[in-house]
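Each chain is listed here by its residues.
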Amino acid sequence: MGFLFYMKTDIDISAALSLAAEGRVEEAIALLGDMAAVCPDCDEIFFCRGKLLWKLGRRSEATSDYIKAVSINPSSKAARALEMAREVESFFNPDLLNP
């Protein structure tokens, strides 16, 4: 007993989102990680964890989660997030560099 089972069709990430809303982002990320271990084919988990990681400035981890979500489901909401992350990573403005 005590095991949580998640199926792609009935995954509930609301507990993680509630933790994040309370400012407990690291706990939310950990919970999503636990969910991902049980349901590795649920793109929504990786998308949500990616958003939280991005919020913490952990951009490479966030991008990895977006890539994972898109590899599971190419029409995932993570596709747009991945596109935006890549735009941020490739942005270059020579006027912002120190001489």
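Residues numbered from 1 in each chain as written. Predicted model: local features only at pLDDT ≥ 70, side-chain atom pairs only at ≥ 80, totals over all residues. Heavy atoms only, no water.

1. Re the side chain of D65
The condition that has to hold: Helix and strand definitions follow DSSP, with helices as H or I runs of at least four residues and strands as E runs of at least two, each counted in order from the N terminus. For every residue, the accessible area (1.4 Å probe, protein chains only) is compared with the maximum for its type, and the residue is labelled buried under 20%, exposed over 50%, or partly exposed between those bounds. By the criterion applied in these results, polar contacts are pairs of N or O atoms within 3.5 Å in which, for protein atoms, one can donate a hydrogen and the other can accept it, and in which residues neighboring in sequence qualify only through two side-chain atoms. We call two residues in contact whenever any of their non-hydrogen atoms come within 4.5 Å of each other.
Following the sequence through the fold, D65 ends up in helix 4 (residues 59–72). Look at D65 and you get buried, because its relative accessible area is 6%. A polar side-chain atom of D65 sits 2.6 Å from a polar atom in the side chain of R49. Residues in contact with D65, not counting those within four places in the same chain, are F46, R49, G50 and L53.

2. Quick look at helix 2 (residues 25–38)
Every α-helix carries 3.6 residues per turn, so stepping three or four residues along brings you back to the same face. What counts here: Each helix should span, by expectation, one fewer than its residue count multiplied by 1.5 Å. What the arc covers is the set of directions going from the helix axis to the C-beta atoms.
Taking 1.5 Å per residue as the helical rise, helix 2 with its 14 residues ought to reach 20 Å, and the 20 Å between its terminal C-alpha atoms agrees with that figure. By the burial criterion, the buried members of helix 2 are V25, A28, I29, L32, M35 and A36. In a view along the axis of helix 2, the buried residues occupy a sector of 120 degrees, so they form one face of it. In helix 2, those exposed residues whose orientation departs by more than 90 degrees from the buried face are D34 and A37. The inward-facing, buried residues of helix 2 abut helix 1 (14–21) and helix 3 (43–55).

3. Topic: the packing of helix 1 against helix 2
Our working definition: Fitted lines through C-alpha atoms give the axes, limited to the stretch in contact for helices. The angle between two N-to-C directions lies from 0 to 180 degrees. Every angle not falling under 35 degrees, over 145, or within 65 to 115 is termed oblique; those three ranges are roughly parallel, roughly antiparallel and roughly perpendicular. Each crossing gets its handedness from the near helix: less than a right angle anticlockwise from the far helix is left-handed, clockwise is right-handed. Note that Gly is not counted as nonpolar here; it falls among the polar residues with everything else outside the nonpolar set of Ala, Val, Leu, Ile, Met, Phe, Trp, Tyr, Cys and Pro and the charged set of Asp, Glu, Lys and Arg.
Taken N-terminus to C-terminus, the directions of helix 1 and helix 2 make an angle of 165 degrees; their axes are 7 Å apart at the nearest point. It follows that helix 1 is roughly antiparallel to helix 2 by the angle criterion. Between helix 1 and helix 2 lies a crossing whose hand is left-handed. Across the interface between the two elements, A15, A16, L19 and A20 from helix 1 touch V25, E27, A28, L31 and L32 from helix 2. Of the residues assigned to the contact of helix 1 with helix 2, the class counts are eight nonpolar, no polar and one charged.

Geometric values such as these leave the question of function open.
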